[in-house]
Amino acid sequence: MSTLLWLVTVLGGIAVAGWVFRFAGQTVTGNAPRFRDMPYGVAFGYVLGVSILAWAIWYYFQPVTTEQGLPNAGVMFFRWGVQGLIIAMIAAYVFRFLGRLIGTANSKKLFRAMPLTAAFGILTIIIYAIFAIFADAIAPYGQEQIFEQANVLPGGDPALGGDPAHPLGTDQIGRDILSRLIYGAQNTVGIAFATTCLAFALGATFGLLAAVLGGWLDQLLSRAVDVLMAIPSLIFALLLMTIASVWASEWGIPLTIFMVVIIAVIDSTRVFRLARAVGVNIVVMDYIEAAKLRGEGMGHLIFREILPNATAPLLAEFGLRFCFVFLTIAALSFLGVGIQPPLADWGTMVRDLAPFINFAAFAPLAAVTPLLAAGAIALLTVAVNFVVDWMLHRSSGLKE
Amino acid sequence: MQNVLKIILQRLALGLLTLLVVSIVIFIAVNLLPGDFAELILGQAATPESVASIRRDLGLDQSMVTRYFSWLGGMVTGDLGTSFAQLNFQTNLGGTGGKTVAEQIAPRFANTMFLASVTAMIAVPLAVTLGILAALYRNTVFDRVANIATLSSISSPEFFMAYILILFLAVLNPIFPSLSNIYEGMTFGEKLEKTMLPALTLTLVVTAHMMRMTRAAIISLLASPYIEMARLKGISPMRVIVKHALPNALAPIINVIALNLAYLITGVVVVEVVFVYPGIGQLFVDSVKIRDIPVVQACCLIFAAAYILLNLMADILSILSNPRLRHPK
Amino acid sequence: MSDPLVKIRGLKLEGRSDEMWMPIINGVDLTLNRGEVLGLIGESGAGKSTLGLAAMGYTRDGVRISEGSVEFDGIDLLTASAAVKRGLLGKRIAYVAQSAAASFNPAHKIIDQHTEAPTQHGVMGRNESVDDGITLYNKLRLPNPETIGFRYPHQVSGGQLQRAMTAMAMSCRPDLIIFDEPTTALDVTTQIEVLASIREIVEEYDTAAIYITHDLAVVAQMADNIKVLLKGDEVETADTRTMLSKPQEEYTKSLWAVRSFERPAKPAINTGATPVVSIQNVDAAYGTVKVLEDVSFDIHEGRTVAVVGESGSGKSTTARCITGLLPPTKGQILFDGQVLPASYKARDKFQLRQAQMIYQMADTALNPRMSIGKIIERPVQFYMGLSGKALRQRVDELLEQIELEPDKYFNRLPSELSGGQKQRIGIARALAAEPKFIICDEVTSALDQLVAEGILRLLADLQDKLSLSYMFITHDLATVRAISDEVVVMKDGRVIEQSAKAEMFQPPHHAYTDLLLSSVPEMDPDWLTNLLNERGVDNIGDAAVDKM
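In the annotation of an unreviewed UniProt entry, chain C is listed under the name Peptide/nickel transport system ATP-binding protein and assigned to Cognatiyoonia sediminum. Among the UniProt annotations of chain C, the heading Sequence similarities (unreviewed entry) holds the following wording: "Belongs to the ABC transporter superfamily."

For chain A, an unreviewed UniProt entry supplies the name Peptide/nickel transport system permease protein and the organism Cognatiyoonia sediminum. You can read under Sequence similarities (unreviewed entry) in the UniProt record for chain A the words "Belongs to the binding-protein-dependent transport system permease family." Quoted verbatim from the Subcellular location (unreviewed entry) field of the UniProt record, the comment on chain A reads "Cell membrane".

Novice: What should I look at first to understand the overall build of chain C in this one?
Specialist: What chain C contains, in helices and strands, is 24 helices and 20 strands. At 26 Å, chain C has a C-alpha radius of gyration in line with the 24 Å of a compact globule built from 548 residues. Its C-alpha atoms put chain C at 75 × 55 × 45 Å along the principal axes. Expressed as a percentage of its 548 residues, the buried residues of chain C come to 56%. Considering only contacts in chain C between residues 6 or more positions apart, those separated by 24 or more positions represent 69%. Entry remark: accessible area of chain C is about 22300 Å², with carbon and sulfur atoms responsible for 47%.

Novice: How do you make sense of the overall build of chain A when you look at a structure like this?
Specialist: Within chain A one finds 15 helices and zero strands. Here the C-alpha coordinates of chain A stretch approximately 80 × 75 × 50 Å along the principal axes. Long-range contacts, defined here as pairs at least 24 residues apart, represent 64% of the contacts in chain A between residues at least 6 apart. Of the roughly 19300 Å² that chain A leaves accessible, carbon and sulfur atoms contribute 72%. Across chain A, the mean location of the 22 positive side-chain charges is 13 Å away from that of the 22 negative side-chain charges.

Novice: Sorry, what's going on with the packing of helix α11 (residues 255-283) of chain A against helix α13 (residues 298-335) of chain A here?
Specialist: The description of two helices packed together rests on the angle between their axes and the distance between the axes. Residue and element names in this part refer to chain A. Their axes nearest at 10 Å, the elements α11 and α13 cross at an angle of 155°. Taken as axis vectors, α11 and α13 run roughly antiparallel relative to one another. Judged by the twist between their axes, the crossing of α11 over α13 is right-handed. Between α11 and α13, the contacting residues are M259, I263, D267, R270, V271, L274, A275, V278, I282 and V283 on the first element and I306, N309, A310, P313, L314, E317, R321, F324, V325, T328, I329 and L332 on the second. Its residues assigned to classes, the contact of α11 with α13 shows 16 nonpolar, two polar and four charged.

Novice: Got a minute to help me understand the sheet that holds strand β8 (residues 208-213) of chain C in this structure?
Specialist: Either a parallel or an antiparallel arrangement is found when strands of a sheet pair, and the pairing is made through backbone hydrogen bonds. All names here are of chain C. Sheet architecture is open: six strands sit in the order β6-β7-β8-β3-β9-β10, paired in mixed fashion. Strand pairing shows two members of the sheet lacking a second neighbour, β6 (93-96) and β10 (233-239), which therefore form its edges. For this sheet, the mean inter-axis angle between neighbouring strands, taken without regard to orientation, is 15°.

Novice: Explanation requested: the sheet that holds strand β5 (residues 75-76) of chain C in the structure shown.
Specialist: Residues and elements named next belong to chain C. Read across the sheet, four strands follow the order β2-β1-β4-β5 without closing on themselves; strand pairing throughout is antiparallel. Strands with a single pairing partner mark the edges of an open sheet, and in this sheet they are β2 (20-32) and β5. For strand β1 (residues 6-17) and β2, the ladder comprises ten bridges, and the chain directions are antiparallel. The partner of R16 across the bridge, within β2, is W21.

Novice: Sorry, what's going on with the interface of chain C and chain A here?
Specialist: Many descriptions give the size of an interface as the accessible area lost when the pieces come together. Taken together, the contacts link 24 residues of chain C with 17 residues of chain A. Each partner contributes to the roughly 1900 Å² buried at the junction of chain C and chain A, and carbon and sulfur atoms together form 56% of this total. For chain C, the biggest contributors to the area lost against chain A are Y359, T364 and R378 of chain C; these three give 26% of the whole. At the junction of chain C with chain A, the criterion picks out two salt bridges. Here E289 of chain A ties to R320 of chain C by a salt bridge, and the two come within 3.9 Å at their closest N and O atoms. Taken together, chain C and chain A are joined by seven residue pairs in polar contact (both at pLDDT 80 or more). Only α12 (315-323), α14 (362-365) and α15 (372-384) of chain C provide two or more residues apiece to the side of chain C that touches chain A. The biggest single contributor to the side of chain C that touches chain A is α15 of chain C, with four residues. Of the residues contributing to the side of chain C that touches chain A, the split by class is 15 nonpolar, five polar and four charged.

Novice: Help me understand the UniProt feature "domain: ABC transmembrane type-1" (unreviewed entry) in chain A in this model?
Specialist: When the UniProt feature table is mapped onto this chain numbering, "domain: ABC transmembrane type-1" (unreviewed entry) sits at residues 185-383 of chain A. Structurally, residues 185-383 of chain A is divided into 82% helix and 0% strand, and its ends, taken at the C-alpha atoms, are 14 Å apart.

Novice: Help me understand the environment of T119 of chain B, please; the structure alone is not making it clear to me.
Specialist: All names here are of chain B. Relative to the helices and strands, T119 resides in helix α6 (residues 101-136). Each C-alpha atom, one on T119 and one on A199, is 4.9 Å from the other, the two residues being 80 residues apart in sequence. A distance of 2.8 Å separates the side chain of T119 from the backbone oxygen of L115, its partner in a polar contact.

Novice: So what exactly am I meant to see when it comes to empty space enclosed by the protein here?
Specialist: Any empty space left between the atoms is revealed when a probe the size of a water molecule rolls over them. Enumeration according to the criterion identifies nine cavities of 30 Å³ or more in this entry. Considering only enclosed or pocket space, the largest cavity measures out at about 200 Å³ in volume. At the level of secondary structure, the elements contributing two or more residues to the lining of the largest cavity comprise α12 (286-294) of chain A together with α13 (349-354), β16 (355-358), α15 and α18 (419-432) of chain C. When its residues are assigned to classes, the lining of the largest cavity shows nine nonpolar, four polar and three charged.

Novice: Even after reading the chapter, I still don't get the pattern of salt bridges, so can you show me in this structure?
Specialist: Note on pairing: side chains with opposite charge can pair once their charged atoms come close. Residue and element names in this part refer to chain C. The full count for this structure, using the stated rule, is 44 salt bridges over all chains. Of the charged contacts, one joins K330 and D283 as a salt bridge, the two residues approaching to 3.9 Å between their closest N and O atoms. One end of the pair, K330, is in strand β14 (residues 330-335); the other, D283, is in strand β11 (residues 277-286), with 47 residues separating them in the sequence. Because the salt bridges share partners, they merge into one network encompassing R34, D73, R92 and D175.

Novice: Is there a simple way to think about the packing of aromatic side chains in this case?
Specialist: Aromatic rings in a pair are described by how distant their centres are and how their planes are angled relative to each other. Residues and elements named next belong to chain A. According to the stated counting rule, one finds 28 aromatic pairs over all chains in the structure shown. Taking the centre distance of 4.6 Å and the plane angle of 55° together, the rings of W247 and W251 count as tilted. One end of the pair is W247 and the other is W251, both in helix α10 (residues 233-251) and four residues apart, which spans about a single turn. A relative accessible area of 21% places W247 in the partly exposed class. In textbook terms, an aromatic cluster arises when at least three aromatic residues are bridged by ring pairs, as seen for W55, W58, Y59 and F78.

Novice: Could you clarify how one ought to interpret the domain arrangement of chain A in this entry?
Specialist: The domain boundaries assigned to chain A delineate domain 1 (3-51) and domain 2 (177-396). Computed over C-alpha atoms only, the centres of domain 1 of chain A and domain 2 of chain A are separated by 46 Å.

Novice: How do you make sense of the interface of chain B and chain A when you look at a structure like this?
Specialist: Across the contact, 47 residues belong to chain B and 48 residues belong to chain A. Taken over both partners, the interface formed by chain B and chain A buries close to 4100 Å², and the fraction arising from carbon and sulfur atoms is 83%. For the pair chain B and chain A, the interface holds one salt bridge. Of the charged contacts, one joins D389 of chain A and R212 of chain B as a salt bridge, the two residues approaching to 3.3 Å between their closest N and O atoms. Remark: the boundary between chain B and chain A carries four residue pairs in polar contact (both at pLDDT 80 or more).

Novice: Whenever I open this one, the pairing of strand β12 (residues 289-299) of chain C confuses me. Can you help?
Specialist: Bridge count for β11 of chain C against β12 of chain C is seven bridges, and the pairing is antiparallel. Within β12 of chain C, the residue paired with V282 of chain C across the bridge is V295 of chain C.

Novice: Would you mind going over the side chain of Q155 of chain C with me for this structure?
Specialist: All names here are of chain C. Inspection of the secondary structure puts Q155 in the loop between α6 (145-148) and α7 (158-170). Residue classification places Q155 among the buried residues on the basis of a relative accessible area of 18%. In terms of polar contacts, Q155 uses its side chain to reach the backbone amide nitrogen of Y152, at 2.7 Å.

Novice: Help me understand the environment of L413 of chain C, please; the structure alone is not making it clear to me.
Specialist: Residue and element names in this part refer to chain C. On the secondary structure map, L413 appears in the loop between α17 (406-409) and α18. Residue classification places L413 among the partly exposed positions, given a relative accessible area of 31%. Sequence separation between L413 and I372 is 41 residues, and the spatial gap between their C-alpha atoms is 5.9 Å. Discounting residues that sit within four places of it in the chain, L413 has contacts with P368, R369, M370, S371 and I372.

Novice: Mind showing me how you'd approach the pairing of strand β17 (residues 437-441) of chain C here?
Specialist: Consecutive side chains of a regular strand alternate in pointing toward one face of the sheet and then the other. Residues and elements named next belong to chain C. Among the five residues in β17, five count as buried, and that is most of the element. Of the two faces of β17, both are covered, the one formed by F437, I439 and D441 as well as the one formed by I438 and C440. Note that β16 and β17 share four bridges and pair parallel. Its bridge partner lying in β17, M357 is registered against I439.

The rules behind these values
Residues numbered from 1 in each chain as written. Chains lettered and ligands numbered in written order. Predicted model: local features only at pLDDT ≥ 70, side-chain atom pairs only at ≥ 80, totals over all residues. Heavy atoms only, no water. UniProt positions renumbered as here; feature names shortened; annotations may be inferred. Helix = DSSP H or I, 4+ residues; strand = E, 2+ residues; numbered from the N terminus. Rg over C-alpha atoms; globule rule 2.2 N^0.38 Å. Buried < 20%, exposed > 50% of the residue type's maximum accessible area, 1.4 Å probe, protein only. Contact = heavy atoms within 4.5 Å. Areas by Shrake-Rupley, 256 points an atom, 1.4 Å probe, with all protein chains shown as cover. Lys, Arg positive; Asp, Glu negative; His and termini not counted. Charge placed at Lys NZ, Arg CZ, Asp CG, Glu CD. Axes fitted to C-alpha atoms, helices over the stretch in contact; angles between N-to-C directions. Parallel < 35°, antiparallel > 145°, perpendicular 65-115°, else oblique. Left-handed = near helix turned anticlockwise from the far one by under 90°. Nonpolar A, V, L, I, M, F, W, Y, C, P; charged D, E, K, R; others polar. Pairing = 2+ DSSP bridges. Buried area = accessible area lost by both parts, 1.4 Å probe. Salt bridge = Lys/Arg side-chain N within 4 Å of Asp/Glu carboxyl O. Polar contact = N/O pair within 3.5 Å; in protein donor to acceptor, adjacent residues only side chain to side chain. 1 Å grid on protein atoms, 1.4 Å probe; cavity = no way out; pocket = protein on both sides within 12 Å on 5 of 7 lines; lining within 4 Å. Points joined across faces, edges and corners; volume = space filled by probe spheres on them. Phe/Tyr/Trp six-rings, centres within 6.5 Å; stacked < 30°, edge-to-face > 60°. Domains from an automatic or database assignment.

Written as C-alpha cells, this is what we have:
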C-alpha cells in the first residue's frame, strides 16, 4: 500500500511542478509563444521526463555494496545497462563517422542521412556475422567440450567462484559458456538465416507468380495461404514438430532439418502475402502494360520489369521475416523442441541456465549468463529491426 | 443496413468455413504420423492384444473420414477424447482413473483466459493512450524514445522480457512471486498477484505492437484533408480529436486491438512455460514433449479457433464502424 | 480607402526535404482589400497553395515560415496566440479545399459539419445555422437544398460536394475565403456550375477571396486582380483585364501564348483510301457492366483523331479495345484493312509493333528501375533485332528526335527527369517500334501548360516527318483545337458526334457537344457572364445535361 501512496504523491508532485514550470516559463520569457501555447500535458511531460532522468542519475551513483557489505545487485545491473548503452551509442557514432569518410560516393551519402539506431543495427549485424562465420577460430573451446568444473561462475575471479580459463564460467555439465555463446551465433543465426532464405524462395516465387498470372492459380494459392495463416504460427509449428519428432527418429534424420522446413513453409505464407501484394501493385503500372503490349514473355516481365521494383519492400520484409524466424526458433529451442543438443544454441542455453537468475541478489554475476544468451537473441533482432525501420522510413519518404 | 448485415453474415460464414478447413488440416497433419497411435502409445510394451484393444477404443479400425467426423462431432459437443497418458495408464494398469482431455483442458483454459484478460486490461488502455500521444507529438523526443523502446520490446524474445522482469521484480525487489502456481480455491487477490508477472511480460510485448499500430493509424488519419479542414475551421484541438479524428480512428484502433489479442494467444505459450503458469499453453507444450496427440490436437484447435474468432471480430467491427457501409447511397 | 484586409510582406516559407530546409516561397508581398478577389496562378510547384494557407497563418507539417509578416485586418497572424488564430479561422477566414470528397469528414452528415463553425464560434445557434445552411444551399443552386445537408458526404456527387463546401466556408459570413483549386478535379460541365455559384455568392456577400488555380481561363472569370507565381517568386501582379491584354513579363507572355498554338488544316481525305485503323461497331463490357456501345470511327494516315468526352465516357476503354487489352464483345478492329485478333495475346509481333501507346502518367509508364537508354533500347532490340553499335546509334537517333541530348540522358533514371522529359521518353519508346499508329492517352493533362505545348508541337512535327496517325484521347478542348484533324465526341460509351475539326467548332451540332464546347472557359473575363446570360440561370451544367 505504501508503494502506491508513494507513487501517487510523486505523480501529484510532478503534476504541480508541471504547472509551475509552464507558469514560470511564461513569466520569465515574457509570454513567448513557446510557453504561451504549451498545452498542460506537454509541460507535465517535460517535468516527468526530467524527473525520471534525475532519478536515473541519482541511482547510477548509488554505492554498489550495501552497508552490510552485500552487493547491491540492482545498482550493478543498472550501471552495466547504462554503460552498455553508452558504449553502443559511441560505437554506432564512430561507425557512422567512419562510414561518412570511407567508401564510395553512394555509400557516403547513405551514411550521411543515417540515424544512429540504423548505424548501430548495421554495426551489430556485421559483428554477429563475423562471430557466426569465424566461430571456430574465435571460440576458445569446442562447443561440446566438457570440463571437470561445472557451474563455474562468470567473472574469472577464483575468490568469487570463477576461473580465469572460463571468463563466462561453465554450465551445469561443465561446458564453457563463452564458447557456446560464440558457437550459438553460428548455429542459431545460421539456421535462422537458412530458414528465412528457404521461406523467401518459396513465398516470393509463388507470390509474384500469383500476382502476374492471376486467375485460378492466384485464387488457389491465396485461399490455401489464408487457411494456413488462420493457425497461429508458433502453435502450428509446435504441432508439426511433434509429428516430425516421430518421423525424425523413424528415419534417422536430424530433427533440426524438419524444423527448418516446417518453419520455412509456415513463414513462406507471410512472404507470399507481401510478395503478391507488392506484385499486384506493380502489375497495374502502365510500364507493365506497355511491356505486355510489346509482346514480352513471362521471363522478361518478372525478372526485368517486376523484380527490380519489388526488391526494396522484399528486402525489408526479409529483415522482418528473419527476426520472426529467429524468434520462433529461439522459442522452440527454449521450449525444448527446437535445435537439439549437443549443438550450442541460445534458446536452449537460456532454458538451461535460467535457474541462476534466482541467485542474483547475492551473486549478481551468476544471473548474467542466462541473460547474456537471451540478450544475444534480443540484440540481433533489435539491430535488424532498427535497420528495417530505417529502410521502410526511407522508401516511404522517397515516394512523396 | 441490409447491406451490412449481408456482408457480416458472409464474413461469419467464411470464418466458420476457415475453421472447418483448419480442423481438417490439423486432423490430416496428425494422421501423417507413421505407424498408428496404438503402437505409439504403448511403445516397447506393446503386445498384440493391448494394441488391438487400444485400436478398438480409439476407433482406428474405421476409415479416416469416419474418424474425422466423429472427432469433429466430439469437438463440437465438448468431448475432446481421451489422452494417451490416461489410456496408457488404463491399459497397462487396468485402472479407470485419470481425466479426459476435456477435464484436463477446462480449468487450464479458464486460467489462460484469466491471464489474457488481465493482460488486455492493462495493455489496451495503456497502448492506445501512448499510441495516440506518440501520434500527436510525433517527431518529438517522446516519440523517438517510444519508437526505440517499442521496437526493442517487439524484437526481444518473450522469455528475455520474462527473465528481466523476474530479475528486477521478483529476485532483487521481491514485489511479485516468480512462480505462478495457481490452483483452485485461491482468492481473486491471490490469483491476481500470482498472475502479475506473466501478465506484465505479455503486456510489454503486446503494448509495443499495439502502440506502434495505433500510432501509425492515427498519423495517417491526422494527415487526411478533413482533419486539416477542421483545424482551418478554427475548431479547438480537443474537439478536432474527439469529434473528427476519433469516429474515424475507431475502426483502425479496434482492428489493432483485436489483432493483438490474437497475437496474445501465441505469446501465452512461452510465458506460461517460464512462469510455470498452469494454462493451456503449458499443457500444450507438455503434451508436445510426451507426444500426447489427442491433447495436442485439441489444444491446437482451441488456439486456432480463438485466433480466427478474434480476427473475425476485428473484421466485423471495422465493417460496422465504416460510415460508407453503414449509410449506403 | 481603408486599410487592406490582408497584408503580406516579404514572406518566405521553407519546406523540409531530406532533413534540410529548402525554400518554397522566397519573399512575396500580397495585399488584398475588402471585397476583392485575387487570383493566384502558377504551375505546379510554384508555391500557390502554401502561400494561400500562409495567408491564413497556417502551415502544413514540414513547412515553416522563415521570414516576413502576415497581417489580417491589422492582426499579426504570425505572432498571434493559438487561441486568437482559432477565433479567426472559420469565423472570419475560411478555406475551400481542392478535393471536397476528402475534405468532408466521412463520419458526419454534411449539415453537422456545416453548423460546426458557427456554433463553435458562437455566431449562431444550431437551428439557426441549419436554416442558414439551407438558404446557402438554395443560393448555390444545389438540388434538394432542404434535404441534401442531411446526407453523408459519400452520398453526394463531387460537384455538389464542392458547392456544399463553399456553403460551409460561407457559414459564418467570413471576410476572406481561400479557394484552393476548387474546380480542378471536376469535369468541365460541372466546373462551370461551381464557378458560377462561387462567383455569385462571393459577390453577394462582398467577401474577399484568394482564388488559387493553374487555369488561366478560370482565374480570368473569377478574379479582380491576378498575381503570377513562378517557383516561389512573384512574376507580376495586375488587374485582370490589364494582365490579359498587356502582360509585362516574358514568362507571363509565354503562358498566354500557349493558347495560340494551332496547326493548319490538312486537305480532305481521299474518299477511297483505306484507313490505318478502323473501329467497326464495337461493344465492350467490364464483367457485366456495358461500357461501350456501337462505337465506330476511322483514323487515316497522317491524321489525328481527337476523342473527347468527360470522365467515364469510354474514351480510354476504346483505346483498350484497339490495343487488345479488353477484347470487344461485339464488332471488330481493322488495321490497314486487315482484321486484328481481339486479344493482344493472339496478335503477332508485326501487328503489335504497328500500334503503340503513350500514357497519361509518365511516372507510371516508365519503369523506375530502368535507365532511359534501356527503356528505349528494348523495343528496338525486341522488334528490329538490332544490337551493339547499331542499337546504340538508333537509340541516339530516337533521343535526338525527341530533342534530348543522347549522351546526357542515356544513363539517367526516369526519376532524374522532369515531367515533360519523361513524357518525351514515352514518345521515344513508342517511336522505337516504328509504328504507323500511336494512341496518345491524355498525354498532356498531367503537365504544365508550357511543357504541354512543347509536347504537342513535338508530336505534330513527328507526324509530319513520319506520317504517323494519332488517336488523341483528351478532355481538354484547347488541346483538340491545337492538334486534331477530326474530332469524335463520346458520352456514356457512345459516339455522339464525329466530324472534321473545322466543322466541329462551328455550330450547329449535337446539344451535348454544344454544352461541352461552351463549357470550356475562355481567356475573356466576360466569358462566364455572357455564357450565363446566354444559357439562362437555371440551365447550366448538370441541369442542362439532365434535360437531354
